[in-house]
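Coordinate analysis (summary)
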Amino acid sequence: MFIKGTFLYTPSITELTVEQGYLHIKEGKTDGFYEEIPQALTGEEVRDYGDAVIIPAFNDLHIHAPQYINRGVGFDRELMPWLETYTFPVEAKYRDIEFAAKAYQIFLRRLWACGTMRFSAFATMHAPGTWELMRQVERSGMRAYIGKVNMDRNSPEYLCEETERSLAETEELICRSEEELKHVKYIITPRFVPATSEKLMAGLGELAEKYDLPVQSHLSENKSEIAFVKELHPDIPTYTEVYNAFGLLRKEKTIMAHAIHLSDREKELLKEKQATLCHCAQSNADLSSGVMPVRRNLEFGLDCVIASDVAGSHTPAMNRHLAMCIEVSKLHALNHPQERPLQLAEALYLATKKPGRFFGKVGSFEKGYEFDALVIDMAEPELSGTFSRTPFETLEQFIYDGDDRNIKARYCAGELLDEEIWEK
Ligand code: GUN
Ligand code: FE
């Protein structure tokens, strides 16, 4: 198959490539650009998207699927009271499997509409609901890591697990997903240190090791949270080292959300472990958590990506998160002039190719990458022939003011995912 259009992608954080013409797709993977279709391949299907701009689809490595229905609610509080007042009550509703099935369908449809084809999600502590989410993603053709949340301390009685049962249910889901699912993988998901006992963290570290699984959690998001971790673990020097003490900082396989208030010692450890740090600027503003110094972290050699953290943030639309990360980094730079603000192409890289590595060769149109793409159309038909934009300007406008109506087609692993995927 050939896809015709104008392709924009970022082979590295310092490169934005623009290619106009035909992209050959072979077995779901990109197989090179052509100005004209070569003679030997003239029989293949051509999908012509005209003047549209085509970018790699978004990869969101930190999102709470059950919280989508709470987006925008409760941002008058900071993290800990926000969790207790707004988040825990909504997550408790997913005990009801019928409710979970409907709410997860609403979530997934919206994620698809916004152009996120791959993601790593927290479900809730409920195993049946988590399994339902995993199955829905598998049916959709999207790709994901999904974990049942583990939480057995400092949580309300209605949303708190018994340690052994939490571990047993986790192992069951690991085995079942390995047996029955192709596109959805299990990820070990302790909520965060305040909500997971030492015994639970140790058990999860063992499961991660036994099945060689990735781990996702939250780290150093909020000052009160950090103080609480210090109170709970006075003998461990830092928050990051608590995870490490229980085998939860797995090399190249760990996603930590926020990581705002880090000491140099923690940064060294996270760098050594090649942990992926999710920069969630919108959430960090909505919950007054702080500003991750993303430029400084990148220069230090930390693996930062841009993620949504719905519903700590108010939208799953990754284009808006790119814009927000750039806006926040500009404001941050006013007080830290040595930290250059994030550029738009850099932000695109941090939401496509950089997080894509969690899924293999994903997030770029370089040869051999799985073809995940969004076809973007920002044209104003009424102005046709009298006004036009360069491909890069079209990308800029989509990032700042585009929405699902501007995404004309979505591809995941070479497959067109259209409305019909919701009828399966
Ligand atoms: N820390 C622990 N749980 C959560 C959550 O659900 N959202 C955010 N943003 N931080 C958390
Ligand atoms: Fe989060």
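Attention here is on the structure that accompanies the text. None of these values were measured; they are calculated from a predicted model.

Thresholds, definitions, all that
Along each chain, numbering runs from 1 in the same order as the chain's sequence is written. Each chain gets a letter, beginning with A, and each ligand a number, beginning with 1, in the order they are written. Local features in this predicted model are restricted to residues of pLDDT 70 or higher, and side-chain atom pairs are both shown and tallied only at a pLDDT of 80 or more, whereas totals for entire chains, interfaces and linings draw on every residue. Note: side-chain values were computed over all heavy atoms of the structure, leaving out hydrogens and water. To qualify as a helix, a DSSP run of H or I must reach at least 4 residues; to qualify as a strand, a run of E must reach at least 2; elements of each kind are numbered from the N terminus. Each polar contact in these results corresponds to two N or O atoms within 3.5 Å; when the atoms are within protein, one needs to be able to donate a hydrogen and the other to accept it, and residues that are neighboring in sequence are counted only if both atoms are side-chain atoms. Water is not among the atoms examined, so metal sites may look incomplete; donors are the N, O and S atoms within 2.8 Å of the metal, or within 3.2 Å for Na, K and Ca. Note on geometry labels: four donors, all angles 85 to 135 degrees, give tetrahedral; four donors become square planar and six octahedral when opposite donors are over 155 degrees apart and every other angle is between 65 and 115; remaining cases are irregular. Buried, partly exposed and exposed residues are distinguished by accessible area as a fraction of the type maximum, computed with a 1.4 Å probe on protein chains only: under 20%, between the cut-offs, and over 50%, respectively. By this definition, two strands are paired if DSSP reports at least two bridges between them. Axis lines are fitted through C-alpha atoms, for helices just across the contact stretch, and the angle between N-to-C directions can take any value from 0 to 180 degrees. Salt bridge, as applied in this entry: a Lys or Arg side-chain nitrogen positioned within 4 Å of an Asp or Glu carboxyl oxygen. We call two residues contacting when some pair of their heavy atoms lies within 4.5 Å. In this analysis, the protein atoms alone were mapped onto a 1 Å grid. Cavities are point sets where a 1.4 Å probe fits without being able to get out; pockets are open sets with protein on both sides within 12 Å along at least five of seven lines; lining residues have an atom within 4 Å of a point. Grid points are joined across faces, edges and corners, and a volume is the space filled by probe spheres set on the points. The nonpolar class holds Ala, Val, Leu, Ile, Met, Phe, Trp, Tyr, Cys and Pro. Asp, Glu, Lys and Arg form the charged class, and all remaining residues, Gly among them, are polar. Here a Phe, Tyr or Trp ring, Trp counted by its six-membered ring, pairs with any other such ring whose centre lies within 6.5 Å, and the pair is stacked when the planes are under 30 degrees apart, edge-to-face when over 60, and tilted otherwise. Ring-over charges, as used throughout, are those where CZ of Arg or NZ of Lys falls within 6 Å of the ring centre and within 35 degrees of the ring normal.

Moving on: the side chain of Thr254. Along the chain, the position of Thr254 falls in strand 12 (residues 254-258). Here Arg250 takes part through its backbone nitrogen, which lies 2.7 Å from a polar atom of the side chain of Thr254.

Looking at the metal site, the iron ion (ligand 2) is ligated by His62 (NE2), His64 (NE2), His218 (NE2) and Asp309 (OD), spaced 2.0 to 2.2 Å from it. The site at the iron ion (ligand 2) holds four donor atoms, and with the angles between them running 88 to 169°, its shape is irregular. Read in sequence order, the donor residues for the iron ion (ligand 2) give the motif H-x1-H-x153-H-x90-D. With respect to burial, His62 and His64 carry one shared label: buried.

By the element assignment, Glu346 lies in helix 12 (residues 344-351). The exposure class assigned to Glu346 is buried, which follows from its relative accessible area of 8%.

Another point: the sheet that holds strand 13 (residues 276-279). Taken in spatial order, the four strands of this open sheet run 11-12-13-14, and their pairing is parallel. Each edge of the sheet is formed by a strand with only one pairing partner; in this case those strands are strand 11 (215-219) and strand 14 (303-306). Strand-to-strand twist of the sheet, defined as the mean angle between neighbouring strand axes without regard to direction, takes the value 30°. Here strand 11 pairs with strand 12 via five bridges, running parallel. Among the inter-strand pairings, His218 is bridged to a residue of strand 12, identified as Ala257.

In the structure shown here, the tally under the stated rule is 23 salt bridges. Salt-bridge contacts for Asp31 lead to Lys367; the nearest nitrogen and oxygen are separated by 3.7 Å. With Asp31 in strand 3 (residues 29-34) and Lys367 in the loop between helix 13 (353-356) and strand 15 (373-376), this residue pair connects regions lying 336 residues apart in the sequence. Here Lys367 falls in the exposed class, since its relative accessible area comes to 58%. Residue Glu241 pairs with Arg265 through a salt bridge whose shortest N-O separation is 2.8 Å.

Take the sheet that holds strand 17 (residues 415-416) next. In spatial order, the strands read 3-2-1-4-15-16-17; together these seven strands make up an open sheet with mixed pairing. Here the strands that pair on one side only, and so sit at the sheet edges, are strand 3 and strand 17. Where strand 16 (residues 407-412) lies against strand 17, two bridges are found, and the strand directions are antiparallel. Pairing of Cys412 across the sheet is with Glu415, part of strand 17. In the packing of helix 12 onto the sheet, contacts are made with strand 1 (2-12) and strand 2 (15-26), and the angle to strand 1 comes to roughly 100°.

Let us now look at empty space enclosed by the protein. The full count for this structure, using the stated rule, is two cavities of 30 Å³ or more. Within this model, the largest cavity holds a volume of roughly 80 Å³. Lining of the largest cavity is provided by His64, Gln67, Leu79, Trp82, Leu83, Arg191, Phe192, His218, Glu221, His258 and Asp309. Looking at the lining of the largest cavity, the element that brings in the most residues is helix 1 (residues 79-92), giving three residues. Grouping the constituent residues of the lining of the largest cavity by class yields four nonpolar, four polar and three charged.

Moving on: the packing of aromatic side chains. What the rule picks out here adds up to 17 aromatic pairs. Summarising the aromatic geometry, the rings of Phe7 and Phe365 are spaced 5.6 Å apart at their centres and angled 85° between planes, so their arrangement reads as edge-to-face. Remark: Phe365 occurs in the loop between helix 13 and strand 15 and Phe7 occurs in strand 1; sequence separation between them is 358 residues. For the pair Phe7 and Phe365, a shared accessibility class is recorded, and that class is buried. On the basis of an interplanar angle of 20° and a centroid distance of 5.7 Å, the ring pair of Tyr239 and Tyr243 is categorised as stacked. With Tyr239 and Tyr243 both in helix 7 (residues 239-245), this residue pair falls four residues apart, about one helical turn. Using a relative accessible area of 4% as the deciding quantity, one classes Tyr239 as buried. Given a relative accessible area of 1%, Tyr243 falls into the buried group. Clustering of aromatic rings is evident, with ring pairs tying together Phe7, Tyr9, Phe33, Tyr49, Phe365, Phe371 and Tyr411. We note Arg71 situated over the ring of Tyr68; from NZ or CZ to the ring centre the distance is 4.1 Å.

Attention now moves to the layout of surface pockets. In this structure, the largest pocket encloses a volume near 490 Å³. Surrounding the largest pocket, 21 residues form its lining, Asp51, Ala379, Ser388, Arg389 and Thr394 being those nearest its centre. Looking at the lining of the largest pocket, the elements that each hand over two or more residues are strand 4 (46-56) and helix 14 (391-401). By residue number, the principal contributor to the lining of the largest pocket is strand 4, which donates four residues. Looking at the second largest pocket, it is lined by 14 residues, and the ones nearest its centre are Tyr145, Lys185, Asp212, Leu213 and Pro214. Considering every element that reaches the lining of the second largest pocket, the biggest residue donor is strand 9 (residues 184-186), with three residues.

Honestly, that's just the spatial picture; any functional story needs more than this.
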